[in-house]
Each structure stands twice: as C-alpha cells, then as structure tokens.
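Listed below, chain by chain, are the residues.
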Amino acid sequence: MNERVRALKVQYDTDAYLVVEDIIPPTLLARLQQETRSAIDRVAAGTLDHELLDTFENADGVPQLRRIASPEAFASCFDEAMRLPALLDLVQVLLGGSVRFDHGKLNFKPPSGGAAVEWHQDWAFYPQTNDDMLAVGILLEDCTLESGPLMVVPGSHTGAVHDHHHNGYFVGGVNAEDIRDEIQRAVPLTATAGSISVHHVRTLHASTANRSAVNRPLLLFNYVAVDAFPVFHSFNWDDFNERILRGEITHTARVCEAPVRIPSPTPKPADEYATGSLFDLQTGMAGALYAN
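Residues numbered from 1 in each chain as written. Predicted model: local features only at pLDDT ≥ 70, side-chain atom pairs only at ≥ 80, totals over all residues. Heavy atoms only, no water.

S.K.: Help me out: how do you make sense of the overall build of the protein chain in this one?
M.R.: Regarding its fold elements, the protein chain presents eight helices and 14 strands. Against the 2.2 N^0.38 benchmark of 19 Å for 292 residues, the protein chain shows a C-alpha radius of gyration of 18 Å, consistent with a compact globule. Its C-alpha atoms put the protein chain at 50 × 50 × 40 Å along the principal axes. For the protein chain, buried positions account for 51% of its 292 residues. (Helix = DSSP H or I, 4+ residues; strand = E, 2+ residues; numbered from the N terminus. Rg over C-alpha atoms; globule rule 2.2 N^0.38 Å. Buried < 20%, exposed > 50% of the residue type's maximum accessible area, 1.4 Å probe, protein only.)

Now the structure itself:
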C-alpha cells in the first residue's frame, strides 16, 4: 500500500468520505462525457428510448434524463470505468481486501433547478451482513456549489441508522428536523470533472437542486466486500459471484454489529406499479429539506 492510499484509508475510516483527483484517465473521461452528452441530447430530441432510462418532462415539455439505471449495461465506456484498475486498487483497500460490484447508476441534475435529493443513508435501502460497502461517484462535469453537489456528514457512518419511513411506508429519506444537529456539519463534495467522491454506505448524504446553467451528471458505482451478503433481497448465486472483481467466492458471511431497518413496504402509485426510483420514493416524505 503506497503512502497516498494509506493516507486516504485513514481519512476514509474517520470521516467516511473522500474526494480524490487523478484516477480517471483523460481519454476515458472524454468517452464518458461524449456518451453522457449524447444521451442527454437524444432524450431531449425524442430519439432515444431505453428500458434503463428514467426521464421526466421539464416546464417546457422537453424530455429530460433523470437517471440511467445500470449504466455499465448501457454503454461499454461505463463498464470500463466500473472496472478501472486504479479505481479498484483504492476500493479494495477501503473495503478491507475484496471487491464485489453491487450496482451502478448515472444520476442527472438538469440546469436551473433539477433534482434535489433528500437526506438518506444507502444502508437503509440495501443492508448487508456487514457494512464494508461504499459508493464511488465519478464527476463527469465540473461540480460547483451552484450545481448541487453531494453533501455528506463526516463521521455519520458510526451513528444511528435513521428511520426512512413515513406513515408506515419506506420513502427513502430522513425528516431533516430529526437530524438537524448532524446536517449542520455537512460538507459539499465539489471538484473538477474526472475526480471521484467516495462515501460509506452508512454516511448521511443529500444534494441540493442544480442552480447552475449546466447539467450535473454523477456516475455512481456501489461496491461491497465479497463476504457481505444481502439480509433481505434474494439473488442468483452464479450472477452474484460473477460480480466479484477482487477476491474469491465464499459461502461464509462476515457479520458485524450494525443496526438494520427493512426497506419495505414501498408506496405504489395509483396504477399499482412501483418504479423503484429514489426520486419517486422521496415524494412521499414529510419535513423535506431540499424539496421545492
């Protein structure tokens, strides 16, 4: 382990987040940007429709991208980024020696007010037998205070797992009034395109709306230790193990002491079809901090 990675590991273990530059090669960043900008333009023009796309219409009736689910299955450049050796070298150290890819998403914040995300902990959505799990965010464009950066509460990974339910339903967000003291300590993760952020699965985080004039896409990949197993969701054993990127198959789960809340039931819209979108889930919140 080199000195830079050693220092990042110490910071991550204390604060449960990192911002790191100089990991994404410029040539790969350019391909990621080209693919992302093309998807934005094609959706707006009505020439791109795909089952992995989550879209909405803006005030002018123009289709906008809100999310690409599983971007690694959408375009090869995203899959390459998810498997980038320099990135996995860091993730492997932060997770304690092994890496399984869990899932990915590409979130968008359209300009002039797009897509605030309320306070939440990823652990509330997919608890595991241990909490060696993290999210890597790849900034595809420069991220400033105006563009709605990810905000994290340092050290919150060692505290409570907060209630993400409202009126008996899992809504994927925490009432801001219940965590007022904690979120006063929040810090914004701003950086230039090609930088990465990292946050622990139990870190409290959120993001404000984009008030800038440019879109703010954030490519997110979640990784987990190989000996962490879902406590509530089922999986296909072969598919599950094909996602191991560093380490070996194990049948032995490592169990840590971490509070677990079950992310069910989820509210369903009138047509009884639940999209599973975080943005849709959080419309059921009370006491939202960033909505409106």
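Resuming the write-up.
S.K.: What exactly am I supposed to notice about the pattern of salt bridges here?
M.R.: Oppositely charged side chains can form a pair if their charged atoms are brought close together. Here the structure, examined in full by the defined rule, presents 12 salt bridges. We note a salt bridge from Arg 254 to Asp 132, for which the minimum N-O separation is 2.8 Å. Here Arg 254, found in the loop between β14 (244–246) and α8 (278–281), pairs with Asp 132, found in the loop between β5 (117–120) and β6 (133–139); they are 122 residues apart in sequence, far enough to count as distant. (Salt bridge = Lys/Arg side-chain N within 4 Å of Asp/Glu carboxyl O.)

S.K.: What should I look at first to understand the packing of aromatic side chains in this one?
M.R.: Two numbers describe a pair of aromatic rings. These are the distance of the centres and the angle of the planes. The tally for this structure, following the rule as stated, stands at nine aromatic pairs. Aromatic pair Phe 229 and Trp 237: ring centres 6.5 Å apart, planes at 5°, arrangement stacked. The partly exposed category is assigned to Trp 237, whose relative accessible area is 31%. Between Phe 229 and Phe 240, the ring centres sit 5.7 Å apart and the planes meet at 40°, which makes this aromatic pair tilted. Taken together, the residues span a long stretch of sequence, with Phe 229 in the loop between β13 (218–224) and α7 (237–242) and Phe 240 in helix α7 at a distance of 11 residues. What makes Phe 229 buried here is its relative accessible area of 9%. For Phe 240, a relative accessible area of 3% gives the class buried. Through pairs of rings, three or more aromatic residues link up here, namely Phe 229, Phe 235, Trp 237 and Phe 240. (Phe/Tyr/Trp six-rings, centres within 6.5 Å; stacked < 30°, edge-to-face > 60°.)

S.K.: Explain the environment of Ser 195 here, please?
M.R.: Following the sequence through the fold, Ser 195 ends up in the loop between β10 (187–188) and β11 (196–200). Judged by its relative accessible area of 2%, Ser 195 falls in the buried class. For the pair Ser 195 and Pro 267, spaced 72 residues apart in sequence, the C-alpha to C-alpha distance is 36 Å. Excluding residues that lie within four positions of it along the chain, Ser 195 makes contacts with Val 20, Glu 21, Gly 137, Ile 138 and Leu 139. At a separation of 3.0 Å, a polar atom in the side chain of Ser 195 contacts the main-chain carbonyl oxygen of Thr 192. (Contact = heavy atoms within 4.5 Å. Polar contact = N/O pair within 3.5 Å; in protein donor to acceptor, adjacent residues only side chain to side chain.)

S.K.: Explanation requested: the pairing of β6 in the structure shown.
M.R.: Each regular strand shows side chains that alternate between the opposite faces of the sheet. Most of β6 is tucked away: seven of the seven residues are buried. The pairing of β6 with β13 spans seven bridges and is antiparallel. Residue pairing for β13: Ile 138 is matched across the bridge by Leu 219. Sheet analysis places β6 next to β11, joined by five bridges and oriented antiparallel. By the bridge assignment, Gly 137 is partnered in β11 with Ser 197. (Pairing = 2+ DSSP bridges.)

S.K.: Sorry, what's going on with helix α2 (residues 26–45) here?
M.R.: Residues spaced three or four apart along an α-helix point in a common direction, a consequence of the helix completing one turn every 3.6 residues. Between its first and last C-alpha atoms α2 spans 28 Å; for 20 residues at 1.5 Å apiece the expected length is 28 Å, and the two agree. Those residues of α2 lying buried are Leu 28, Leu 29, Leu 32, Gln 33, Thr 36, Ala 39 and Val 43. In a view along the axis of α2, the buried residues occupy a sector of 135°, so they form one face of it. Set apart from the buried face of α2 by more than 90 degrees, the exposed residues are Pro 26, Thr 27, Gln 34, Asp 41 and Ala 45. The elements touched by buried residues of α2 are β2 (53–57), β3 (63–69), α4 (76–82), β4 (99–107), β6 and β13. Looking one or two residues beyond α2, the residue adopting positive phi is Gly 46, at roughly 80°. (Expected span 1.5 Å × (residues − 1). Arc of directions from axis to C-beta.)

S.K.: Would you explain the nonpolar core in this entry?
M.R.: Burial of nonpolar side chains together is a common tendency in soluble globular proteins. Ile 196 and Tyr 223 are the most contacted members of the largest nonpolar core, which has 45 residues in total. Counting residues per element, this core draws most heavily on helix α5 (residues 85–95), which supplies seven residues. Listed in part, the 11 residues of the second largest apolar core include Phe 125, Val 161, Ala 228 and Ala 258. (Core = buried A, V, L, I, M, F, W, Y, C linked by side-chain atoms within 4.5 Å.)

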